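A look at the structure
Chain by chain, the residues run as shown.
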Amino acid sequence: MAHPQCVSKAPSGIRKLCVVTDTTNQRPDASHPGDNAATLPTTYAPAEVEGELYERWVDRGYFTADAKSDKPAYTIVIPPPNVTGALHLGHAFQHTLMDALTRRKRMQGYETLWLPGMDHAGIATQNKVEQQLAESNLSRHDLGREAFVEKVWEWKENYGGRILGQMRRLGDGVDWSRERFTMDEGLSKAVQTIFKKLFDDGLIYRAERIINWCPRCLTALSDIEVEHEDSPGELVSIRYGEGDDSVVVATTRAETMLGDTAIAVHPEDERYAHLVGRTVKLPLTDREIPVVADTHVDPEFGTGAVKVTPAHDPNDFAIGQRHGLPSMTVMDEHGVITVHGPFLGLDRLEARSAVVGALREQGRIVEEKRPYMHAVGHCSRCHTVVEPRLSLQWWVKVEPLAQEAGNAVRDGRVQIHPKELEGRYFSWVDNMHDWCISRQLWWGHRIPVWYGPEGQVVCVGPNEEPPAGEGWHQDPDVLDTWFSSGLWPFSTLGWPEQTQDLEKFYATDVLLTGHDIIFFWVARMMMFGLYAMDGKAPFHTIALTGLVRDQFGKKMSKSSGTAVDPLDWMDAYGADAVRFTLARGANPGADVPIGEDWVQGSRNFCNKIWNATRFALMNGATIEGELPAAEQLTAADRWILSRLNATVAEADALYDDYQFAKLADLLFHFAWDEVFDWYVELSKTTLAKGGAQADASRRVLGEVLDVTLRLLHPVVPFVTDTLWTTLTGAESLVVTEWPKDSGFRDAAAESEIATLQQVVTEVRRFRSDQGLKPGQRVPAQLELAGTVLVPHEDAIRSLLRLTEPEAGFHATASLPVAGATVALDLSGTIDVAAERKRLAKDLAAAEKEKAQTSGKLGNEAFLAKAPDDVVAKIRTRQAAAEADIARITAQLASLPQG
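Each value, and the rule that gives it
Residues numbered from 1 in each chain as written. Predicted model: local features only at pLDDT ≥ 70, side-chain atom pairs only at ≥ 80, totals over all residues. Heavy atoms only, no water. Helix = DSSP H or I, 4+ residues; strand = E, 2+ residues; numbered from the N terminus. Contact = heavy atoms within 4.5 Å. Areas by Shrake-Rupley, 256 points an atom, 1.4 Å probe, with all protein chains shown as cover. Lys, Arg positive; Asp, Glu negative; His and termini not counted. Charge placed at Lys NZ, Arg CZ, Asp CG, Glu CD. Buried < 20%, exposed > 50% of the residue type's maximum accessible area, 1.4 Å probe, protein only. Pairing = 2+ DSSP bridges. Axes fitted to C-alpha atoms, helices over the stretch in contact; angles between N-to-C directions. Parallel < 35°, antiparallel > 145°, perpendicular 65-115°, else oblique. Nonpolar A, V, L, I, M, F, W, Y, C, P; charged D, E, K, R; others polar. Salt bridge = Lys/Arg side-chain N within 4 Å of Asp/Glu carboxyl O. Arc of directions from axis to C-beta. Polar contact = N/O pair within 3.5 Å; in protein donor to acceptor, adjacent residues only side chain to side chain. Disulfide = S-S within 2.5 Å. Patch = residues over 30% accessible without salt bridge, like charges linked within 9 Å, V, L, I, M, F, W, Y side chains within 5 Å. pLDDT = per-residue confidence, 0-100. Phe/Tyr/Trp six-rings, centres within 6.5 Å; stacked < 30°, edge-to-face > 60°. Lys NZ or Arg CZ within 6 Å of the ring centre and 35° of its normal. Core = buried A, V, L, I, M, F, W, Y, C linked by side-chain atoms within 4.5 Å.

**Observations regarding the overall build of the protein chain**
Scanning the protein chain from terminus to terminus reveals 27 helices and 29 strands. Summarising its shape, the C-alpha atoms of the protein chain cover approximately 115 × 70 × 55 Å along the three principal directions. The contacts of the protein chain with a sequence gap of at least 6 include a subset with a gap of at least 24, amounting to 77%. Taken as a whole, the protein chain presents about 38200 Å² of accessible surface, with 49% of it coming from carbon and sulfur. Charge-centre separation for the protein chain: the mean point of 92 positive side chains lies 4 Å from the mean point of 126 negative side chains.

**Overview of the pairing of strand 8 (residues 247-251)**
A one-sided burial pattern is seen for strand 8, the buried positions being Val247, Val249 and Thr251 and the unburied ones Val248 and Ala250. Across five bridges, the pairing between strand 7 (residues 226-240) and strand 8 is antiparallel. Looking at the pairing, isoleucine 238 lines up with valine 249 of strand 8. Linkage of strand 7 to strand 8, two consecutive antiparallel strands, is achieved through a turn of six residues, within which glycine 241 is found at a positive phi near 80°.

**Remarks on the packing of helix 2 (residues 89-107) against helix 17 (residues 575-584)**
For the pair helix 2 and helix 17, interaxial distance at closest approach is 9 Å and the crossing angle is 90°. Classed by the angle they form, the pair helix 2 and helix 17 counts as roughly perpendicular. Together, Leu89, Ala92, Phe93, Thr96, Leu97, Asp99 and Arg103 of helix 2 and Arg579, Leu582 and Ala583 of helix 17 make up the contact between the two elements. Its residues assigned to classes, the contact of helix 2 with helix 17 comprises six nonpolar, one polar and three charged.

**Thoughts on the pattern of salt bridges**
Two side chains carrying opposite charge are able to pair once their charged atoms lie near each other. For the coordinates displayed, the defined rule picks out 56 salt bridges. A salt bridge links aspartate 884 to arginine 887; the nearest nitrogen and oxygen atoms lie 3.4 Å apart. Highlighted residues: aspartate 884 and arginine 887, both in helix 27 (residues 868-894), separated by three residues, approximately one helical turn. Using a relative accessible area of 31% as the deciding quantity, one classes aspartate 884 as partly exposed. In this structure, a network of salt bridges that share partners links the residues Glu234, Arg360, Glu368 and Arg370.

**Quick word on the environment of arginine 801**
With respect to the helices and strands, arginine 801 occurs in the loop between helix 24 (793-800) and strand 27 (802-803). Residue class for arginine 801 comes out partly exposed when judged on its relative accessible area of 31%.

**Some thoughts on helix 8 (residues 314-323)**
In an α-helix there are 3.6 residues to a turn, and that puts residues three or four apart on one side. Buried within helix 8 we find Asp316, Phe317, Ile319 and Gly320. The arc enclosing the buried residues of helix 8, seen along the axis, measures out at 160°, which places them on a common side. Structurally, helix 8 contributes buried residues whose contacts are with strand 5 (204-214), strand 9 (262-265), strand 11 (288-293), strand 12 (305-308) and strand 14 (387-396). Structurally, the start of helix 8 carries an N-cap: the backbone nitrogen of asparagine 315 is 2.9 Å from a side-chain oxygen of aspartate 313.

**Considerations on the sheet that holds strand 6 (residues 219-221)**
Taken in spatial order, the four strands make up an open sheet running 6-5-14-16, and their pairing is antiparallel. A single partner strand is all that each edge strand has here, and the edge strands are strand 6 and strand 16 (435-436). The pairing of strand 14 with strand 16 spans two bridges and is classified as antiparallel. From the neighbouring strand, valine 396 faces strand 16, where its bridge partner is tryptophan 435.

**What about the sheet that holds strand 15 (residues 415-417)?**
Across the sheet, which stays open at both edges, the three strands sit in the order 15-23-22 with parallel pairing between neighbours. In this open sheet, the two edge strands, each paired with only one partner strand, are strand 15 and strand 22 (508-514). Strand after strand, the sheet turns through a mean of 20° between neighbouring axes, direction not considered. As defined by bridge partners, strand 22 adjoins strand 23 (residues 539-545) across six bridges and the pair is classed as parallel. Paired with glycine 514 across the bridge in strand 23 is threonine 545.

**With respect to the state of the cysteines**
Across all of its chains, the model carries zero disulfides by this definition. Here cysteine 382 stays free of any disulfide, with the sulfur of cysteine 214 as its closest cysteine sulfur at 3.5 Å. The exposure class of cysteine 382 is partly exposed, given its relative accessible area of 24%. Not part of a disulfide, cysteine 436 finds its nearest cysteine sulfur in cysteine 214, a span of 14 Å. Of the residues examined, cysteine 436 reaches a relative accessible area of 10% and is grouped as buried.

**Regarding the side chain of arginine 364**
Mapping arginine 364 onto the fold places it in the loop between helix 9 (348-361) and strand 13 (365-379). In this structure arginine 364 comes out as buried when scored by relative accessible area, which is 11%. Reaching out from arginine 364, the side chain makes a polar contact with the backbone oxygen of glycine 241 at a distance of 2.8 Å. Among residues more than four places away in sequence, those in contact with arginine 364 are Ser237, Ile238, Arg239, Tyr240, Gly241, Glu242, Pro283 and Leu359.

**Quick word on unusual backbone geometry**
With omega at 0°, the peptide bond leading from histidine 417 into proline 418 counts as cis. With an omega dihedral of 5°, the bond running from tyrosine 506 to alanine 507 counts as a cis peptide bond. The backbone phi angle of leucine 284 is positive, close to 65°, even though this residue is not glycine. Mapped onto the fold, leucine 284 is located in the loop between strand 10 (279-281) and strand 11.

**A word on a negative patch on the surface**
Among the surface-exposed residues, Asp565, Asp568, Glu596 and Asp597 lie close enough to one another that they form a single negatively charged patch. Positionally, aspartate 597 belongs in helix 18 (residues 596-618).

**Digging into the confidence of the model for the protein chain**
Residues at a pLDDT of 70 or more form 94% of the protein chain, whose mean pLDDT is 91. Within the model, the stretch residues 1-34 combines pLDDT values under 50 with 88 contacts to residues more than four positions away or in other chains.

**A look at the side chain of glutamate 255**
Among the structural elements, glutamate 255 can be located in the loop between strand 8 and strand 9. On the basis of relative accessible area, glutamate 255 is assigned to the buried category, the value being 0%. Within the local environment of glutamate 255, its side chain forms a polar contact with the side chain of arginine 352, the two groups lying 2.8 Å apart.

**A short note on the packing of helix 3 (residues 122-134) against helix 5 (residues 145-159)**
Relative placement of two packed helices is described by the angle separating their axes and the distance separating the axes. At a minimum axis distance of 10 Å, the contact between helix 3 and helix 5 shows a crossing angle of 100°. Put simply, helix 3 runs roughly perpendicular to helix 5. Along the contact surface, helix 3 presents Thr125, Gln126, Lys128, Val129, Glu130, Gln132 and Leu133, while helix 5 presents Phe148, Lys151, Val152, Trp155 and Tyr159. Of the residues belonging to the contact of helix 3 with helix 5, the class tally is six nonpolar, three polar and three charged.

**Examining the packing of aromatic side chains**
The relative placement of two aromatic rings is captured by the distance of their centres and the angle of their planes. Taken as a whole and judged by the stated rule, the model has 26 aromatic pairs. Judged by centre distance (5.8 Å) and plane angle (75°), the ring pair of tryptophan 153 and phenylalanine 181 falls under edge-to-face. Here phenylalanine 181 lies in strand 4 (residues 180-181) and tryptophan 153 lies in helix 5, a separation of 28 residues in the sequence. With a centroid separation of 4.9 Å and an interplanar angle of 50°, the aromatic rings of phenylalanine 605 and phenylalanine 668 are classed as tilted. On the criterion of sequence distance, the pair formed by phenylalanine 605 in helix 18 and phenylalanine 668 in helix 20 (residues 660-689) is long-range, its members being 63 residues apart. In this pair, the class of phenylalanine 605 matches that of phenylalanine 668, namely buried. Among the aromatic residues, those joined into a cluster by ring pairs are Phe195, Phe199, Trp394, Trp435, Phe483 and Phe528. For the cation-ring pair, arginine 103 lies above tryptophan 57, with the distance from its terminal atom to the ring centre recorded as 4.7 Å. Sitting above the plane of the tryptophan 442 ring, arginine 140 keeps its charged end 4.7 Å from the centroid.

**Re helix 17**
Burial analysis of helix 17 places nine of its ten residues in the buried class, the great majority of the element. Those residues of helix 17 that sit buried are Ala575, Asp576, Ala577, Val578, Arg579, Phe580, Thr581, Leu582 and Ala583.

**A short note on the nonpolar core**
Within the largest apolar cluster, 140 residues are counted, with the highest numbers of intra-cluster contacts made by Leu101 and Leu824. Per-element accounting of this core gives the leading share, 14 residues, to helix 20. Every residue in contact with leucine 101, bar those within four places of it in the chain, is listed here: Tyr74, Ile76, Val510, Leu512, Tyr655, Tyr658 and Phe660. Residues Tyr531, Ala532, Ile542 and Leu544 belong to the second largest nonpolar core, which totals 65 residues.

As C-alpha cells, then:
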C-alpha cells in the first residue's frame, strides 16, 4: 500500500520528512514500537532472518504488479539466465542493481514490475541431456527427435531453474506470478508470429553463407557462442607457382589450401601487377587458380598476397562474391576432409600436418613458425575449435532493422548510460552483418517453414495449418536462442496479444545489462522491439555495467582458483553484505573488482547498522508525534536533520544517474560516520540528562533512523526491514514510502558541529600519537569561551574521555583548536620527546608547503598564465599552511621543557 505524502510544517519552520502515517499498515502490538527493542538479538544473524523474511514478502504479494492500477508504471525485465545456469557473481551484481532500482520505485509509489524468467539455452541444454544419455550409451538419434525433445522437457522440470531459487536467496523482488520461459506456449507463439512477419516482409531468407560451425555440436554458432583464446599453432608460408610468377602466402590452416580458388593481392601493389588476371598452379592439385586484385588485401602485411578459400573463411567468401569465384567445400560437418586424394578421410588437424609434410617434400615450404600464438575460436559449450564453413542457413536481413535501432538512440528515444558507450553501440548497429538464425539442433523453436515435393516453400504462422500430404516436411533446424530472447521485453508481456500487461508495462523503463552483450542481445531487442511495436523502443534507458573481476582487476576463472560462488559468501556473511559490496563497486560501464575482505567489511557495516539501531531503540528512539520545534532541538539535532535532508537529495540524484558506487559510498559514510559515529554518540549526553530536550532528541533519533533505513533498504533489504519494522511497528519497508527532501537546511548547525568534530578529531589524533588507550580517561581543562563549543563541553568530555581537573592539575600539553584550547594533564603518560619530534616533523611539512605556495604566488609570470581557479586553490593551500604553522607552534610551546 502506498502512503500519502506527509510533509507537515513544524512551528519552527522545520518540515518533517515522510513517515508512515497509514495506521492500517501497523501491527496490532505496535503502540509502543520502541518497547520491541528487547526482542532484537544482541548480534545480527542473517541466516536466521533472510529466508523467512523473503518468503513473507512474496506471500504478502509485495512484488506482484497490478496492470489495472492507476499508478505510473515502472518496468524492468530481467535478462533471462540460462535454464542450465547457476547464480554467479555477474548475476548477483546485476540483480542487486535491478532490485535496488525497483525497490526504490515501488517505495516512490510506482506500479513496479520486475519480470523474471529463463532462457531455454538451446545448445547448453541439449548438451546436458546428451551427456546424460551418453551415460547409458545412447545418443539423441537412438531416441528420435520427438522422444528426445520430451526428454529435454523432463530434464528442465527436474534439474533446470536452479538459479531461480538462488535469486530468492539474494532477495530479488521479482513478480514470480509472471515468470516466463522462452519455450513456453505464449513466447513460442510470439516467436512464430514475428518469424512469419519478417518472412512476409522479405527480411528473412535462406542462403549459403560462411558461418561459425562446431564439428562436435554439429551446429552453426552465433558470435557470442564463440570464445576466442590465444593458442599455440603454426604459421606456414607456402610458395604457389614457379619462378618469377610465384607467390608466397602464409596460413595457420594449411589444410584449407585444398579449397583455394584464387590468390588475392592489392590492386596498387606493383610487385604483383604482372600476375593479376593470370593463373598459378595450386600445389598438391592439378588446378590452376587466378590471381585477383582486391582492396581487402593489406599490402603491408606479410607478403601482401593471401590465399582465397571462399568456402572456409568469411573474408575469403566476400572476396569470392566480388570476383565470382567458385566455393569448394573440402570438409564435412565433422571436420573431416572430403577431397579425393591422399588426405581423404583425415580429420582436419591430422590433415594439417599431412598437407604441410607433402608441401615440404615438394619444396613448397618457405618458412615455418612454431609455436605461433594467435586467436582461435572455440565453441563456448564444448570448447571444440570452431570451423568457418559455407553452409545453407536461414538469415535475417538486418540493414533496415539495425538502421532504426541506431536512429532510436540518435534521436533520443533511448538513452545509453554511460553516454561514452554510445560509440560502441553505434559501431555495431551501423556495421551489422546479416544474422544467421538457424541452428542444427533439436531443442529450441523449430523453424516454421515447410518444403513441398515440387520445391514449394511455405512459412506458417501461429494460427495457420501447415501443409499436409506426401512429400511435405518441416525444416529440421531450430532458431538461434538470441532470436527468442530478442523478443523478451514485449513477448513476456503477452505480445502478439494486446494484453493489459503490454499496455501498462511496455515500453520498459531500463535495461540494465553488461556491456559485453550490447552487440548480441541489446541490439537484437532494439531491432525486434522497434519492428514489432510500431517504432516504440523496448526500453527508455540502456544502463550498461562492467564485469565482475577479482580484487586485482583480473578475470575470475575456475582454473586460476579465483572463481567465487556468491552463495558461499552469502552463507558466510549474509546476502546484504554481498549486495552492498557489489553495489559499492558499480561505477557505470566500469568493471567491478571484488574480494572477500570487502564482503567482510560490508558485513561489519550491517552489524554496525544493527548495533546502532538496537542502542537507539533501547534508549527510547521513537517516530511517534511531530518533530519538535527548532528551539527545542540541540545543535546536534538540527545538524543531523540538515545532513539527512541533503543526503536524501543526493541519493535521489545518484539513483537517477545510475551511480550505484557513489550512492553506496554516500550512504555508507552518512550512516556510519555521521549517524552512528557522531550523532548517536552526541545524543548519549543529551539522553543521559533526561527531560524535554532528551525527549526531543529521542524523536530526532527515531526520525533519522527511520529515514536512514529507508535510504539503505533497496541495497540491503533484509537487515533494514527487520530493524525498521521494530522501530516503527509498521508492516514492511518494502511497501512504505521513499523519503523526500523536505528542503530543511541549517548551515549554522552544520558549521557548529563541524567545529566540534575538528576539536574532537585533533585531540583524538594527539591521544593516539601518545599511545593512550581509547578508553583511558585523562584530566583536562577546556577553554571554550567565545566559541560555539560552550554548549558542547559535556559532549566533548564524553567523546574524548576527559575528566574534570582536580587539585594539583598540571597541564603537560595544550592543544589550540578552532579558537578553543584543550589543556591535558598527561603526567606519567606522555612521551614529551616523541611528541616534540612529531610536531617538529609536521611543522617542517607545513613550512615547506607555505614556501612552495608563496613561491608560486610571488611569481608574476605564473600568475599571468595560470587560470583563476588554480590560483585560488594555491591561495587556499597557503592559508591552510599558515594556520597549521600557527597551530603547531603553539602546541610546541605548550609542551613541558626538558
